[in-house]
Amino acid sequence: MINADELIAIDIHTHAEEPCCGQRDDGYDEFQAGMAKYFRNPAGKDGMLPSVQQTAEYFRERKIGAVIFPVDAERETGFRRYSNEEVAEICAENSDILIPFASVDPWKGKAGIREIRRLCRDFGVYGFKFHPTMQGFWPNERQFYPIYEAIQDEGKIALFHTGQTGVGSGMPGGMGMRLKYSNPMAIDDVAADFPDLKIIMAHPAFPWQEEALAVCQHKPNVYIDLSGWSPKYFPEILVKYANSLITKKVLFGSDWPAITPDRWLSDFENAPFRDEVRPLILKDNARRLLNI
């Protein structure tokens with residue numbers, strides 16, 4: 001069981017990237033090469049992605065807890081998803097450092113609801129990752145509300161990608177990814193209609209940063225994670241809000257393996273956050289949200 005007292009930080013946003021079913025699917029190498037170029041990180045280009053077990057070892061060495069999840073986007077991308085059950089089982093074997101989230105494509109409807117309930121009750125997952133651009137859906141469409149209702153009923157967290165994405169960046173047609181789905185204003189509807197559902201909006205939400213901050217400040221059940229960007233590139237208004245109006249609602253996230261915690265934390269030291277806010281971002285806010 002994770003002991004947060006012994007951790008220096010909790011990374012709320014890490015990925016189980018490598019496919020679970022043997023060799024990579026057609027097009028997956030090109031997809032990962034594009035991601036590597038976007039993030040200026042060689043990981044993923046030539047079969048270099050870390051396994052979940054390797055992720056646990058990396059984070060254990062640094063005394064950083066890690067929320068980890070796959071992304072179920074088979075319908076849109078054609079790439080087989082990493083098994084939610086497999087990720088959760090490896091997390092259970094490394095429960096001192098890994099915190100399991102899962103991912104269910106909201107288009108799965110009733111089958112997705114059954115999967116959500118089973119993952120919560122049988123595998124102890126803490127929350128679910130949604131990627132509106134990668135999964136091709138508007139989060140505030142009513143047909144997906146039963147999915148959120150199930151997560152809310154189970155007392156779990158919904159984490160939504162917001163803003164631009166490295167997925168498909170620079171590829172023909174952006175690999176078919178449509179950025180519009182990840183406008184954070186769609187999350188405002190979800191937060192209003194599910195006030196007991198804890199929601200994390202992932203990433204500085206370029207080009208909708210002010211919209212994301214407005215939703216986070218206005219809705220008590222909404223948080224923001226700072227993954228996917230080096231802190232030295234954070235918009236000034238994001239830092240300003242983190243230092244004032246939303247000090248208890250901002251979370252450290254790296255976006256591992258695209259960005260390493262080593263890089264993120266090094267740049268965070270030189271970013272203009274108030275000293276009293278830093279421990280909230282690094283661990284305290286996540287610990288309260290995750291109830292650990």
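Above this text sits the structure in question.
Values in this document were obtained by computation on a predicted structure and should not be read as measured data.

Draft legend 1. Just the environment of Asp225, in detail. As for its placement among the helices and strands, Asp225 is situated in strand β7 (residues 222–225). Side chain to side chain, Asp225 and His13 meet in a polar contact 3.0 Å long.

Draft legend 2. Region of the structure containing the packing of aromatic side chains. Counting across every chain of the model gives 19 aromatic pairs. With a centroid separation of 6.3 Å and an interplanar angle of 85 degrees, the aromatic rings of Phe234 and Phe273 are classed as edge-to-face. Highlighted residues: Phe234 in the loop between β7 and α10 (236–242) and Phe273 in the loop between α11 (261–269) and α12 (278–290), separated in sequence by 39 residues. Take Phe234 and Phe273: they sit in the same class, and that class is buried. Between Phe268 and Phe273, the aromatic rings sit 5.1 Å apart at their centres with planes inclined by 40 degrees, giving tilted as the arrangement. Considered together, Phe268 and Phe273 belong to a single accessibility category, that of buried residues.

Draft legend 3. Fine view of the sheet that holds strand β4 (residues 127–130). Taken together, eight strands build an open sheet; the order of strands is β1-β2-β3-β4-β5-β6-β7-β8 and the sheet is parallel. Strands with a single pairing partner mark the edges of an open sheet, and in this sheet they are β1 (9–15) and β8 (250–251). In this sheet, β4 lies alongside strand β3 (residues 98–102) in parallel orientation, the contact comprising two bridges. Across the sheet, the residue bridging to Ala102 is Phe128, located in β4. Taken strand by strand, helix α4 (residues 84–93) contacts β2 (64–69) and β3, and its axis lies near 165 degrees from that of β3.

Draft legend 4. Seen up close, α11. Buried within α11 we find Pro261, Trp264, Leu265, Asp267 and Phe268. In a view along the axis of α11, the buried residues occupy a sector of 165 degrees, so they form one face of it. Against β1, α2 (52–62), β2 and α12 lie the buried residues of α11.

Draft legend 5. Fine view of helix α7 (residues 145–153). Within α7, burial applies to Tyr145, Ile147, Tyr148, Ala150 and Ile151. Following α7 by one or two positions, Gly155 has its phi on the positive side, about 70 degrees.

Draft legend 6. Representation of unusual backbone geometry within the structure. Following Phe206, the chain continues to Pro207 via a peptide bond in cis, the omega torsion being 0 degrees. Here Pro207 lies in the loop between β6 (198–202) and α9 (209–218). Note the cis peptide between Trp256 and Pro257, where omega equals 5 degrees. Here Pro257 lies in the loop between β8 and α11. The backbone phi angle of His203 is positive, close to 80 degrees, even though this residue is not glycine. Position of His203 relative to the elements: it lies in the loop between β6 and α9.

Draft legend 7. Representation of the pairing of β2 within the structure. Within β2, six of the six residues are buried, which leaves the element mostly enclosed by the surrounding structure. With burial as the criterion, each face of β2 is covered, one bearing Ile64, Ala66 and Ile68 and the other bearing Gly65, Val67 and Phe69. Two elements, β1 and β2, share five bridges in a ladder whose sense is parallel. Looking at β2, one finds that Ile10 is bridged to Gly65. With three bridges connecting them, β2 and β3 associate as parallel partners. Counted as the bridge partner of Val67 is Ile99 from β3.

Rules used in this analysis
Residues numbered from 1 in each chain as written. Predicted model: local features only at pLDDT ≥ 70, side-chain atom pairs only at ≥ 80, totals over all residues. Heavy atoms only, no water. Helix = DSSP H or I, 4+ residues; strand = E, 2+ residues; numbered from the N terminus. Polar contact = N/O pair within 3.5 Å; in protein donor to acceptor, adjacent residues only side chain to side chain. Phe/Tyr/Trp six-rings, centres within 6.5 Å; stacked < 30°, edge-to-face > 60°. Buried < 20%, exposed > 50% of the residue type's maximum accessible area, 1.4 Å probe, protein only. Pairing = 2+ DSSP bridges. Contact = heavy atoms within 4.5 Å. Axes fitted to C-alpha atoms, helices over the stretch in contact; angles between N-to-C directions. Arc of directions from axis to C-beta.

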